[in-house]
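# An overview of the molecular structure
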Amino acid sequence: MEDNRFIYLDHAATTAARPEVVEAMLPYFTEKFGNPSSVYKFSQNNKAVITECRESIAKSLNAKGNEIYFTAGGTESDNWALKAAAEAYESKGKHIITTKIEHHAILHTAQYLESKGYEVTYLDVDENGIVKLDQLKQAIRPDTILISVMFANNEIGTVEPIKEIGEIAKEKGIIFHTDAVQVFGQLPIDVEECHIDMLSASGHKLNGPKGIGFLYIRTGLKLRSFVHGGGQERSRRAGTENVTGIVGLAKAVEIAMATMEERSRKECAMRDHLIERILTEVPYCRLNGHRTSRLPNNVNISFQFIEGESLLIMLDMAGICASSGSACTSGSLDPSHVLLAIGLPHEIAHGSLRMTLGEENTMEEMDYVVDHIKEIVERLRAMSPLYEDFVKKNQ
């Protein structure tokens, strides 16, 4: 490995827990191990800690403490939101609207609901991955009970017009859920301003621990229990609370909110430098997702005439960790459903690279990465008969 480098550019897959987060969690593994449901003071202290964490997380969204329900992460929160809303409001209707570019936690749950007799409309997006509001309005029916649109896409980074979607849902009296796993901690979110009724988030995407997340549920929604067996989470999710994870999540959220503005500025600068250099210096490539309305740390580029997997392996050999899309589908031979939805043909979708940055990355690393991408793409294309034919035809 050159220079023994290690450059991590896969923060959308997971992040390292911050030292302050680990430090905050440690006592709850050992001396503060009490079960919050027990009646004695030793355990009741932990119950009070959970309440404090709930309140501080709620404040970051302009929500109320009793609207935050702790889960095992984004996937559970997405499952809970869709399944519980479908069950609770089926007397009003059995029609759900989502998009073709959602995370599989939403898409597979929607498919499950279809097998149970619900109807799901999967909205198209434009070439940048943005939901078309006129199509959303047209898709709404008298029996539509839920709209679920992700806040920003985990693969191409495009930020959706969430406030406008929330306004449409509110006007029609339809529940609005958003998967904000990639956005929470990256961009400001106000659930009141955006008319969000349910929101999913996950700790390990914002330098918190794995295995903890939450679902925001607006007061007044009559969602039933998701996990049965106890009275925890106000009888909506049974199971002994993950006090250690909750403490770590709250600390990570506190730091993310305090550092968001400065971190976003730094990540945007590195992101734009990376995009600019690649598009300028590597021929036959394209940026996926909206150029400006995108997550501060997301770069997704398709390179013609190469396989993304080969590019990833060769980058790994140079000490660079990146991905070709969602970590949940790595190993799949199918091209990304997101890239197909924005209109990319299979052969170009297969040559895609996603790099998601963190604040510990540097501009010097970005240059190192671009230099290696140029060299690797050139090497892979030299071995491609398709590229050879293309060059001959265009000489």
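Here, every reference points to the structure presented above.
The structure contained in this document is the topic of the report that follows. These numbers were taken from a predicted model, which means no experiment stands behind them.

### Concerning the sheet that holds strand β10 (residues 298–303)
In spatial order, the strands read β9-β10-β12; together these 3 strands make up an open sheet with antiparallel pairing. With partners counted over all chains shown, the strands left at the sheet margins are β9 (285–287) and β12 (352–356), one partner each. Looking at each pair of strands side by side, their axes are set apart by 20 degrees on average, direction ignored. Summarising the sheet, β10 and β12 pair through 5 bridges and their orientation is antiparallel. When the bridges of β12 are listed, S302 appears paired with S352. Of the strands in this sheet, β9, β10 and β12 touch helix α8 (residues 243–281), which is tilted by about 15 degrees from β10.

### Quick look at the packing of aromatic side chains
For the structure shown, the criterion picks out 10 aromatic pairs. Centre to centre, the rings of F33 and F42 are 5.0 Å apart; their planes meet at 70 degrees, and the pair counts as edge-to-face. For F33, a relative accessible area of 57% corresponds to the exposed category. An angle of 65 degrees between the planes, with centres 6.4 Å apart, marks the rings of Y284 and Y387 as edge-to-face. Here Y387 lies in helix α13 (residues 385–393) and Y284 lies in the loop between α8 and β9, a separation of 103 residues in the sequence. What makes Y284 partly exposed here is its relative accessible area of 36%. Every member of this aromatic cluster is reached through a ring pair, and the members are Y284, F305, Y387 and F390. The ring of Y368 has R5 sitting right over it, with the charged end atom 4.2 Å from the ring centre. K222 extends its terminal NZ or CZ atom over the ring of Y89, reaching a point 5.1 Å from the ring centre.

### Re the packing of helix α9 (residues 308–317) against helix α12 (residues 363–382)
In helix packing, the relevant descriptors are the interaxial angle and the interaxial distance, both defined with respect to the helix axes. Two numbers describe how α9 lies on α12: the axes approach to 10 Å, and their chain directions differ by 130 degrees. Considering the angle they form, α9 stands oblique to α12. Crossing handedness for the pair α9 and α12: right-handed. Packed against α9, whose contacting residues are S310, L311, M314 and L315, the element α12 presents H372, I373, I376, V377, R379 and L380 at the interface. By residue class, the composition of the contact of α9 with α12 is 7 nonpolar, 2 polar and 1 charged.

Reading the values: the criteria
For every chain, the first residue of its written sequence is number 1, and the numbers climb from 1 along that sequence. Restriction of local features to residues with pLDDT of at least 70 applies here, the model being predicted, together with a cutoff of 80 or more for giving and counting side-chain atom pairs; totals for whole chains, interfaces and linings are based on all residues. Side-chain metrics in this entry use all non-hydrogen atoms of the structure; hydrogen atoms and water are not considered. When DSSP finds two or more bridges between two strands, those strands count as paired. Strands here mean DSSP runs of E at least two residues long; helices mean DSSP runs of H or I at least four residues long; both are numbered from the N terminus. Here an axis means a line fitted to C-alpha atoms, over the contact stretch when the element is a helix, while the angle between two N-to-C directions is reported on a 0 to 180 degree scale. Whether two residues are in contact is decided by their heavy atoms: any pair within 4.5 Å suffices. Aromatic contacts are taken between Phe, Tyr and Trp rings whose centres are within 6.5 Å, Trp giving its six-membered ring; a plane angle under 30 degrees counts as stacked, one over 60 as edge-to-face, and the others as tilted. Throughout, exposure labels follow a simple rule: accessible area from a 1.4 Å probe, protein chains only, divided by the maximum for the residue type, with under 20% read as buried, over 50% as exposed, and the rest as partly exposed. Whether a charge lies above a ring is judged from NZ of Lys or CZ of Arg, which has to be within 6 Å of the ring centre and within 35 degrees of the ring normal. By the definition adopted for this analysis, an angle is roughly parallel if under 35 degrees, roughly antiparallel if over 145, roughly perpendicular if from 65 to 115, and oblique otherwise. By convention, the crossing between two helices is left-handed when the near helix turns anticlockwise from the far helix through less than a right angle, and right-handed when the turn is clockwise. Under the scheme applied here, ten amino acids are nonpolar (Ala, Val, Leu, Ile, Met, Phe, Trp, Tyr, Cys and Pro), four are charged (Asp, Glu, Lys and Arg), and all others, including Gly, are polar.

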